[in-house]
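Architecture at a glance
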Amino acid sequence: MSESIADTDVADEASAETTNGRFDEVRTLTQNGLWSNNPALVQLLGLCPLLAVSGTVTNALGLGIATMLVLIGSNVTVSLVRNFVPSEIRIPVFVMVIATFVTLIELFMNAFTYGLFMALGIFIPLIVTNCAIIGRAEAYASKNNWQLSAIDGFMMGLGFTLVLVLLGAMREIIGQGTLFDGAELLLGDWATVLRIELFAVDYPLLLAVLPPGAFIGMGFIIAGKNWIDHKREQRNQTDSVKKVERARVTSA
Amino acid sequence: MSFYIASSPHTRQRRTTARLMQLVIVALIPGILAQWYFFGWGVILQLLLAVTTAYATESLCLHARERSSLSALRDNTALVTAMLLAVSIPPLAPWWVIVIGVAFSIIVVKHLYGGVGQNLFNPAMAGYVVLLISFPLQMSSWVAPVELTGQHLSLFESIHLMLFQYTSEGYSVEQMRMVASGTGLDAVAMATPLDHIRTDLSQGLTLSESLQAPLFSGLAGLGWQWVNLAYLLGGLFLLQQRVIQWHIPAALLASLALLAALGTLLAPDQLPGMDIHLFSGGTMLAAFFIATDPVSAATSNRGRLVYAALIGLIIYLIRSFGGYPDAIAFAVLLANMCVPIIDKYTRPTTYGHPRRKLQ
């Protein structure tokens, strides 16, 4: 049912069934974006910025939000123009759309969060090449209406951002013993109070600060996700096995 | 008594992993004694810390993986990893350096890859690389050999220095290096011979000028040459006991020596010679104890020759042109990465079958 809803472009058929279907679709999108099809943990897309700028929570949050905004904008635009773009040239068109939004974000960051803009450097324009974005445009936005595409972009972006922030927090804590170091770059001067010093280190563990730490940390996060999935599956299996047993007993 | 049926070969020694590892540990003893003699109590303290950490983390991992811990703890592989790492790091490095290194080796490099026999990388060397890139300062403050200092730092001062990074009189290892450069006698910390040559060459001195330093007399730097000879002795014992085969040490030393000779021919005053390459740094330890790790090395004899020659090549390249004075750990890890492809192209032909074509 959800697929049929996804394919209809008409948003104002407000019968009870379609609202239910729409609600289901939103729930699926949320679940996919945050967990079961998370761009960073499952699709392993956009790893270059993920690994390069996750040195601190601030950098991670900055890049995550920028990516999320680009993703929402490009998803909505692609969805709106999807019926007017010949499928032979859709990829270049999508890339142009994405590049436009990245340029916008870059200019905004240059204007309002200059410190962060300098800290992230080349990785802001590189959002264009983030496969998660073109991937969503191709896989979802070019087939669905703009509201759902916006939600999909938001959820995928949120999933990406959360992983980025988690990795940034791990690396910042292990490497420097702080959290939100340099938050004023993103949020303005008041944010200096956000800086938390968990413990003082005389000699930072440079491994966590350097790129290898990002790879190792990413490995741990993916392993953790798979472990949780595995545990869940086991629990579901034991549940279903129990049910079968009970059914047999009653039938016997 | 049951009748034991097996296919040929019928005369063989059935040696367990634990027994082999015991022999490796025995073979390490001359080298450890030499290091203790030249570099003081720090070596022994690092060993004790490393072994304690190794057993603690090993049993922790085995518990988490729900394996029977006693039999696995008895196979001594963790012990060898810990000892190899302990003799590789500076003797007076702070206590947490070796603890972090060994914990990383055992937990991440060994057990996350599946435990004994499953690790892609040599655990001791991966731990060493983690330490080297995480704590460059601590990992480059080596102790001066006893021939220059006259006497060791006492056991008490060594413990004090490792725990608090200051002696009881309040000197840090770095400060003692300062004192050393002034008077030349109170030295505790100083550069290793390879580091010394490297610094001098980068400052425009020639090799022969660099070798005038009091650190050098004899073959390849005070203390270091004897430590290397002691590890060579231990390595020969391993060969005699057939714990290791000749292929890896021979190919590694041969490729390193050949390249060093070539370097001397081409640029006699810019590139250190064969004697320094073979008997300084960790060359002998690497050739006989580290590269010969049966798990992470190539499996066929021909493959082992290629693997070890590759290590020799990388050691020479990094020592001569790279960013670090010594390069054993990087060379071994890089060669570990090449092992699958080396194994693929050096698989021996089954007897009586035509040569396989390579896909």
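Rules used throughout
- Residues numbered from 1 in each chain as written.
- Chains lettered and ligands numbered in written order.
- Predicted model: local features only at pLDDT ≥ 70, side-chain atom pairs only at ≥ 80, totals over all residues.
- Helix = DSSP H or I, 4+ residues; strand = E, 2+ residues; numbered from the N terminus.
- Buried ≥ 20, exposed ≤ 12 C-beta atoms within 10 Å, placed from the backbone.
- Contact = placed C-beta atoms within 7 Å.
- UniProt positions renumbered as here; feature names shortened; annotations may be inferred.
- Nonpolar A, V, L, I, M, F, W, Y, C, P; charged D, E, K, R; others polar.
- pLDDT = per-residue confidence, 0-100.
- Axes fitted to C-alpha atoms, helices over the stretch in contact; angles between N-to-C directions.
- Left-handed = near helix turned anticlockwise from the far one by under 90°.
- Domains from an automatic or database assignment.
- Core = buried A, V, L, I, M, F, W, Y, C linked by C-beta atoms within 7 Å.
- Expected span 1.5 Å × (residues − 1).

**Re the overall build of chain A**
Of regular secondary structure, chain A possesses 11 helices and 2 strands. Walking chain A from its N terminus toward its C terminus, one meets helices and strands in the order α-α-α-α-α-α-α-α-β-α-β-α-α. Every one of the 252 residues in chain A was classed for burial, and the buried ones make up 36%. Across chain A, contacts joining residues at least 24 apart in sequence account for 75% of those joining residues at least 6 apart.

**Some points on the overall build of chain B**
Summing up its helical and strand segments, chain B has 18 helices and 2 strands in all. Split into buried and exposed, the 359 residues of chain B put 48% on the buried side. When contacts within chain B are restricted to residue pairs at least 6 apart in sequence, long-range pairs at least 24 apart make up 73% of them.

**Observations concerning the UniProt feature "transmembrane region" (unreviewed entry) in chain B**
Residues and elements named next belong to chain B. Sequence positions flagged by UniProt for "transmembrane region" (unreviewed entry) are, in local numbering, residues 20-38, 95-113, 125-144, 215-239, 246-268, 274-292, 304-321 and 327-346. End C-alpha to end C-alpha, residues 95-113 measures 26 Å, and it is 89% helix and 0% strand. Annotated as 74% helix and 0% strand, the span residues 274-292 places its first and last C-alpha atoms 22 Å apart.

**Let's talk about the interface of chain B and chain A**
Counting residues at the interface gives 4 residues for chain B and 5 residues for chain A. When its residues are assigned to classes, the side of chain B that touches chain A shows 3 nonpolar, 1 polar and no charged.

**Some points on the confidence of the model for chain B**
All names here are of chain B. Confidence along chain B averages 84 in pLDDT terms, with 86% of residues attaining 70 or more. Scored below 50 in pLDDT, residues 180-187 shows 13 contacts in the model against residues more than four places distant or in partner chains. Among the scores for the predicted complex, ipTM is 0.75 and pTM is 0.82.

**Topic: the packing of helix α17 (residues 301-321) of chain B against helix α18 (residues 328-345) of chain B**
The relative placement of two packed helices is expressed as an angle between their axes plus a distance between the axes. All names here are of chain B. Orientation of α17 relative to α18, taken along the N-to-C sense of each, is 145°, at an axis distance of 9 Å. When you trace α17 past α18, the crossing you get is right-handed. Of α18, the residues touching α17 (which contributes G303, V306, Y307, L310, I311, I314, I315 and I318) are I328, F330, A331, V332, L334, A335, C338, V339, I342 and D343. When its residues are assigned to classes, the contact of α17 with α18 shows 16 nonpolar, 1 polar and 1 charged.

**Quick word on the UniProt feature "transmembrane region" (unreviewed entry) in chain A**
All names here are of chain A. As annotated by UniProt and renumbered to match this structure, "transmembrane region" (unreviewed entry) occupies residues 60-81, 93-109, 115-134, 146-170 and 203-223. For residues 93-109, the helix share is 100%, the strand share is 0%, and the end-to-end C-alpha distance is 24 Å. Here residues 115-134 is 50% helix and 0% strand, with 28 Å between the C-alpha atoms at its ends.

**Looking at the confidence of the model for chain A**
Close reading of the predicted structure is inappropriate where its pLDDT is low. Averaged over chain A, the pLDDT score is 82; the fraction of residues at 70 or greater is 88%. Low pLDDT, under 50, characterises residues 1-16 of chain A; the predicted model gives this stretch 17 contacts beyond four residues in sequence or across chains.

**Remarks on the UniProt feature "modified residue: FMN phosphoryl threonine" (unreviewed entry) in chain B**
All names here are of chain B. The residues that UniProt annotates with the feature "modified residue: FMN phosphoryl threonine" (unreviewed entry) are T192. C-beta crowding within 10 Å serves as the criterion here: with 23 such atoms nearby, T192 is assigned to the buried category. Ignoring any residue separated from it by four or fewer positions in sequence, one finds T192 in contact with W142, G281 and P325.

**What to know about the domain arrangement of chain B**
All names here are of chain B. For chain B, the assigned domains read domain 1 (16-190) and domain 2 (193-346). Facing 31 residues of domain 1, the contacting portion of domain 2 comprises 27 residues. With 12 residues, helix α1 (residues 17-39) is the single largest residue contributor to the side of domain 1 that touches domain 2. A breakdown of the residues in the side of domain 1 that touches domain 2 according to their chemical character gives 22 nonpolar, 8 polar and 1 charged.

**Comments concerning unusual backbone geometry**
One non-glycine residue, F180(A), adopts positive backbone phi at about 60°. Within the secondary structure, F180(A) is located in the loop between β1 (178-179) and α9 (184-187). The phi dihedral of E66(B) is positive, around 55°, even though this residue is not glycine. Residue placement: E66(B) occurs in the loop between α2 (42-64) and α3 (69-73).

**A short note on the nonpolar core**
In this structure, I311(B) and V332(B) are the most contacted members of the largest nonpolar core, which totals 102 residues. Sorting elements by how many residues they give to this core places α17(B) first, with 10 residues. Of the residues that make up this core, three or more belong to each of domain 1 (16-190) and domain 2 (193-346) of chain B. Non-local contacts of I311(B), meaning those with residues more than four positions away in its chain, are made with L252(B), A291(B), A331(B), V332(B) and A335(B). Listed in part, the 47 residues of the second largest apolar core include L61(A), L71(A), I98(A) and I105(A).

**Section: helix α13 (residues 224-240) of chain B**
All names here are of chain B. Between the first and last C-alpha of α13 there are 24 Å, a value that for 17 residues agrees with the 24 Å anticipated at 1.5 Å per step. Inspection of α13 places W224, Q225, W226, V227, N228, A230, Y231, L232, G234, G235 and L238 among the buried residues, and these make up the whole buried set. Among the structural elements, α1, α11 (193-202), α14 (247-266), α15 (274-279) and α16 (283-290) are those in contact with the buried residues of α13. A positive backbone phi angle near 60° is found at R242, which sits one or two residues after α13.

**Description of the environment of L207(B)**
Residue and element names in this part refer to chain B. Within the secondary structure layout, L207 lies in helix α12 (residues 207-210). We classify L207 as partly exposed; it has 18 C-beta atoms within 10 Å. In sequence terms L207 and L253 are 46 residues apart; their C-alpha atoms lie 22 Å from each other. With residues up to four places along the chain from it excluded, the contact list for L207 reads I197, L201, D269, Q270 and P272.

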